[in-house]
There are 2 protein chains.
Amino acid sequence: MDVAKKILLVVLDGAADRPSVNATTPLAAANTSYINQLAREGILGTLDVIAPGTPPGSDTAHLSLLGYAPKKVYTGRGPFEAAGVGIEVRPGDIAFRGNFATVKNGTVVDRRAGRISDTRELAEAIKEQVHLDCEFFFKASAGHRAALVLRGEGLSPNITSTDPRRPGTMLRSRQTADDAQARRTADIVNDFTRQVREVLEEHQLNKDRSIAGELPANAVLLRGAGVVPHLVPFERRTGLKGAVIAATALVIGIGKLSAMQYIPTKGATGHIDSNIDEKVKNVNEALKKYTFVLLNVKGADEAGHDGDFEAKKRFLTRVDAALSNLTLNESTLVAITADHTTPVSLREHSGDPVPFLIHGPGVRIDRSDSFNEFSAAQGGSNRIRGLDLMPTLLDLLGKGKKFGA
Amino acid sequence: MDVAKKILLVVLDGAADRPSVNATTPLAAANTSYINQLAREGILGTLDVIAPGTPPGSDTAHLSLLGYAPKKVYTGRGPFEAAGVGIEVRPGDIAFRGNFATVKNGTVVDRRAGRISDTRELAEAIKEQVHLDCEFFFKASAGHRAALVLRGEGLSPNITSTDPRRPGTMLRSRQTADDAQARRTADIVNDFTRQVREVLEEHQLNKDRSIAGELPANAVLLRGAGVVPHLVPFERRTGLKGAVIAATALVIGIGKLSAMQYIPTKGATGHIDSNIDEKVKNVNEALKKYTFVLLNVKGADEAGHDGDFEAKKRFLTRVDAALSNLTLNESTLVAITADHTTPVSLREHSGDPVPFLIHGPGVRIDRSDSFNEFSAAQGGSNRIRGLDLMPTLLDLLGKGKKFGA
């Protein structure tokens, strides 16, 4: 009688959808013969990642799937992004997500600075030349992305973003709480914004870009301010040694803040061109050393945001082919799900429940024979909440937390 | 890629049941070929309107289905009845449901005064001749029904009803809280009761009834005292412009208190003889101007309370025929459900989950091909709570409230 000893949690980011082309979904239309084999041998159901009808962010969704109640620990996306790009955040820090952008006459003309690909030089200049009334850490991430962390006494997350979220006037941060900490933090953020503008405007890289007819990355827009939360380390909560394999800073950051090991993957981009085969190789290696592995594969979400049914379907077919190289054994419990639905019809996250499957020893195999939104809705696990997933998996390992005697 | 833009919510009041005659339910036995067509093209599930095993009132049920948490906003049925009969209630008013009744020697001999059909003259006399220690509004409703509203400083809902609920001694209102407001309000209610008795006893209409051998409507019994709650207007909560089409004062009142437009229907009685065709015509018109329409059809509940399986089945067959004249288009999401189960075996509301179906763009069509308690229990939406319905519908319109980023 076997009981599983380790868990592989595969999150197909934004993979779930609503029926559109031919009244079906990209996941149902894709060739997912390997995952369907797991479905035949496993149990399916649907998950309300947060609650029925509530569209999850990727941040709150991953927290929920990992068993951290987002209503208790979620303070904003900034802290996870900052941790994910490699800033050593500490509980109490104020963290932001940032975008390098192009500003002309105080107006944001491109929130991504012409999709600039490498801003490390600009970030170095900012670190050297900007001086604030508190300690700060700034780091460039993939593409136009960056993160900022403020550290010190008397700071507050109760301030507004400087990012207007669409082309338009660049914003000033304002306090949203009537206290000295919020006022001081808004002042620091506005000071940062002003100094960054000066540093970047003068930077040779931007002068070169202008000459080459490219948009200069002459400003940094901030959003997602949050105080870095204290997450009880994953191993202390679950007894499992966790590793995270992902390309996006957010998921890496959630892994780091919950004290999992981040395992980088060559060629993992977080985009539709990501090197999924390499990720799967890493998973096979990781399963030898860790008792919990979180694999996030991002591309389907991107295709959903782009409203591209065919691209989403093709990507999921490619994911299936890559996953077919997983080397699983009888001690591994595999769970496959999505962090949220990203319907190509909406191009945004929606609150539809997501399908999930669990495969491995001890699972009560149901009649579902394929992994998609329709068959999962008829699955033997019925419909549960995102926060129920981790206790369910741990319990299958014989690690459920007993209540009563 | 279509996303729905408006919602039609059809509440078949008390339509759900338990199997009895031929081991089936009135809804399953009725000819509902139109609704079954919607079921084939839609998704089904069951709803615990309040919680498993909790019989909902019609008031708390409708609040829940509209997304207002009854545990937070429900103060009693009086406020909704009063608003429904057309009294312009204000938050803070104390409101009651009332019955014209027949009292002899202090004993209630008929709680409905021989099912008197028109009490407007009597209500006028009460308004003119009764004088209380606070402002008051009294209005006759359908049949023997009426509503009373007390307005002023220092009033309280913490008092008992005067309605004994069955033939027997007419009650005096007593305070249920140990404060001056409750004492004063009970005094006012008892004063109202006494004066009403005098006014009605002397009224010509009652003298005529006695001569004709009919029971006089010589008293008003009060119950359901509640302070009028503040409901956040439906449009502010949902972004949808709402209209309500219903015959019963309660549902009309819930619509009014949530700032929806009430659209009256000729011949809509709230009984089994109601003009459902006319209601459906009104729905078709309303869907041109409003982005949310609540249609309540009451008769099945009445048949359930009467314990009449055949009448309930016939009424639901008639409802289906009327609904087949709905003119729906691709921008309309339709949800059909019941506010509660009223089993003919119990003749009272029960806490069984009710079936629901959702039909329209974006819906993940399941295998269920008929709308009844049995097929809904196997539906792709599984089992959700009443309060989950409105977020689910709003999310299908792309109006879900995202949590996280």
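This text goes with the structure placed above it.
Here the structure is a predicted model, which means the values were calculated and not measured.

Describing the pattern of salt bridges
Next up, step 1: Scanning the entire structure with this criterion turns up 44 salt bridges over all chains.
Next up, step 2: A salt bridge links A:Asp352 to A:Arg18; the shortest N-O distance between them is 2.8 Å. Placement of A:Asp352 in the loop between β12 (332–337) and β13 (354–359) and of A:Arg18 in the loop between β1 (6–12) and α1 (26–29) is noted, with a sequence separation of 334 residues between them.
Next up, step 3: We classify A:Arg18 as buried; its relative accessible area is 1%.
Next up, step 4: B:Asp395 serves as the salt-bridge partner of A:Arg18, at 3.3 Å between the closest nitrogen and oxygen. Linking A:Arg18 in the loop between β1 and α1 with B:Asp395 in helix α15 (residues 386–396), this pair reaches from one chain into another.
Next up, step 5: When its relative accessible area of 3% is taken as the criterion, B:Asp395 is described as buried.
Next up, step 6: Within this structure, A:Asp13, A:Lys298 and A:Asp301 form a network of salt bridges that share partners.

Side note on the relation of the copies chain A and chain B
Next up, step 1: The transform that puts chain A on chain B rotates by 122 degrees and translates by 0.3 Å along the axis, for an RMSD of 0.1 Å. Considering both components of the superposition, the chain copies are consistent with a three-fold axis. Taking the C-alpha atom as reference, chain A places A:Asn382 closest to the rotation axis, 3.7 Å from it.
Next up, step 2: Looking at the interface residues of chain A, only 5% of them are also at the interface in chain B, so each copy uses its own face.

Structural notes on a positive patch on the surface
Next up, step 1: A surface patch of like charges, here positive, comprises A:Lys71, A:Arg385, B:Lys71 and B:Arg385.
Next up, step 2: For A:Lys71, the position within the fold is in helix α4 (residues 70–73).

Focus: the interface of chain A and chain B
Next up, step 1: Listed per partner, the contact involves 39 residues of chain A and 27 residues of chain B.
Next up, step 2: Across the interface of chain A and chain B, roughly 2,500 Å² is buried in total on both sides, 54% from carbon and sulfur atoms.
Next up, step 3: Considering only the side of chain A, the residues that lose the most area to chain B are A:Arg18, A:Gln378 and A:Arg383, jointly responsible for 23% of the buried surface there.
Next up, step 4: In this structure, the connection of chain A to chain B is made through two salt bridges.
Next up, step 5: As a salt-bridge pair, B:Lys402 and A:Glu348 come within 3.7 Å of each other at their nearest N and O atoms.
Next up, step 6: Counting residues per element, the ones that place at least two in the side of chain A that touches chain B are α3 (58–65), α4, α14 (373–377) and β14 (383–385) of chain A.
Next up, step 7: Tallied by class, residues from the side of chain A that touches chain B come to 14 nonpolar, 14 polar and eleven charged.

So, the pairing of strand β6 (residues 145–151) of chain A
Residue and element names in this part refer to chain A.
Next up, step 1: Summarising burial for β6: six of the seven residues are buried, a large majority.
Next up, step 2: Pairing of strand β3 (residues 94–104) with β6 involves six bridges; the strand directions are antiparallel. The residue of β6 that forms the bridge with alanine 95 is valine 149.
Next up, step 3: Bridge count between strand β5 (residues 135–140) and β6: six bridges; the pairing is antiparallel. Across the sheet, the residue bridging to lysine 139 is alanine 147, located in β6.

With respect to helix α15 (residues 386–396) of chain A
Residues and elements named next belong to chain A.
Next up, step 1: Considered for burial, the residues of α15 that qualify are Gly386, Leu389, Met390, Leu393 and Leu394. On an axial view of α15, the arc spanned by its buried residues comes to 120 degrees, and they lie on one face.
Next up, step 2: Positive backbone phi, at 75 degrees, marks glycine 398, one or two positions downstream of α15.

Focus: the sheet that holds β12(A)
All names here are of chain A.
Next up, step 1: Pairing in this open sheet of eight strands is mixed, and the strands run β10-β9-β11-β1-β12-β13-β2-β14 from one edge to the other. Looking at which strands have only one partner, the edges of the open sheet turn out to be β10 (261–262) and β14.
Next up, step 2: Taken together, the six bridges between β1 and strand β11 (residues 292–297) define a ladder with parallel strand orientation. The partner of leucine 12 across the bridge, within β11, is valine 297.
Next up, step 3: Helix α2 (residues 33–41) contacts β1, β2 (43–48), β12 and β13 of the sheet and is inclined by roughly 70 degrees relative to β13.
Next up, step 4: Contacts from helix α11 (residues 276–289) reach β1, β9 (242–245), β11 and β12 within the one sheet, and its direction differs from that of β11 by about 175 degrees.

Examining helix α13 (residues 309–323) of chain A
Residue and element names in this part refer to chain A.
Next up, step 1: With 15 residues, α13 should reach 21 Å at 1.5 Å per residue; the first-to-last C-alpha distance of 21 Å fits that figure.
Next up, step 2: What α13 keeps buried is the set Phe309, Ala311, Lys312, Phe315, Leu316, Val319, Asp320, Ala322 and Leu323.
Next up, step 3: Against β1, α1, α2, α11, β11 and α12 (299–305) lie the buried residues of α13.
Next up, step 4: A side-chain oxygen of the first residue of α13 lies 3.3 Å from the backbone nitrogen of glutamate 310; this N-cap is aspartate 308.

What to know about the sheet that holds strand β12 (residues 332–337) of chain B
Residues and elements named next belong to chain B.
Next up, step 1: Reading across from one edge, β10-β9-β11-β1-β12-β13-β2-β14 is the order of the eight strands in this open sheet, with mixed pairing throughout. Across the chains shown, the open sheet's two edge strands, defined by having one partner strand only, are β10 (261–262) and β14 (383–385).
Next up, step 2: Along the sheet, helix α11 (residues 276–289) makes contact with β1 (6–12), β9 (242–245), β11 (292–297) and β12, crossing β11 at roughly 175 degrees.
Next up, step 3: Each of β1, β2 (43–48), β11, β12, β13 (354–359) and β14 is contacted by α15, which is oriented at about 100 degrees to β14, the strand it contacts most.

Brief notes about the packing of helix α6 (residues 120–129) of chain B against helix α7 (residues 180–201) of chain B
All names here are of chain B.
Next up, step 1: With their axes 10 Å apart at the nearest point, α6 and α7 run at an angle of 125 degrees to one another. Accordingly, the angle class assigned to the pair α6 and α7 is oblique. Here α6 and α7 pass one another in a crossing that is right-handed. Between α6, through Leu122, Ala125, Ile126 and Gln129, and α7, the contact on the second element is made entirely by Phe192, Gln195, Val196, Val199 and Leu200.
Next up, step 2: Of the residues that constitute the contact of α6 with α7, the class distribution is seven nonpolar, two polar and no charged.

Considering unusual backbone geometry
Next up, step 1: Phi at A:Arg115 is positive, roughly 50 degrees, even though this residue is not glycine.
Next up, step 2: As for its position among the elements, A:Arg115 is in the loop between β4 (107–110) and α6 (120–129).
Next up, step 3: A:Arg115 sits in the exposed class, given a relative accessible area of 58%.
Next up, step 4: Of note in this structure, B:Asn382 is not a glycine but carries a positive phi near 55 degrees.
Next up, step 5: Tracing the sequence through the fold places B:Asn382 in the loop between α14 (373–376) and β14.
Next up, step 6: A relative accessible area of 11% places B:Asn382 in the buried class.

Calculation rules
Residues numbered from 1 in each chain as written. Chains lettered and ligands numbered in written order. Predicted model: local features only at pLDDT ≥ 70, side-chain atom pairs only at ≥ 80, totals over all residues. Heavy atoms only, no water. Salt bridge = Lys/Arg side-chain N within 4 Å of Asp/Glu carboxyl O. Helix = DSSP H or I, 4+ residues; strand = E, 2+ residues; numbered from the N terminus. Buried < 20%, exposed > 50% of the residue type's maximum accessible area, 1.4 Å probe, protein only. Least-squares fit on C-alpha atoms with pLDDT ≥ 70 in both. Contact = heavy atoms within 4.5 Å. Patch = residues over 30% accessible without salt bridge, like charges linked within 9 Å, V, L, I, M, F, W, Y side chains within 5 Å. Areas by Shrake-Rupley, 256 points an atom, 1.4 Å probe, with all protein chains shown as cover. Lys, Arg positive; Asp, Glu negative; His and termini not counted. Charge placed at Lys NZ, Arg CZ, Asp CG, Glu CD. Buried area = accessible area lost by both parts, 1.4 Å probe. Nonpolar A, V, L, I, M, F, W, Y, C, P; charged D, E, K, R; others polar. Pairing = 2+ DSSP bridges. Arc of directions from axis to C-beta. Axes fitted to C-alpha atoms, helices over the stretch in contact; angles between N-to-C directions. Expected span 1.5 Å × (residues − 1). Polar contact = N/O pair within 3.5 Å; in protein donor to acceptor, adjacent residues only side chain to side chain. Parallel < 35°, antiparallel > 145°, perpendicular 65-115°, else oblique. Left-handed = near helix turned anticlockwise from the far one by under 90°.

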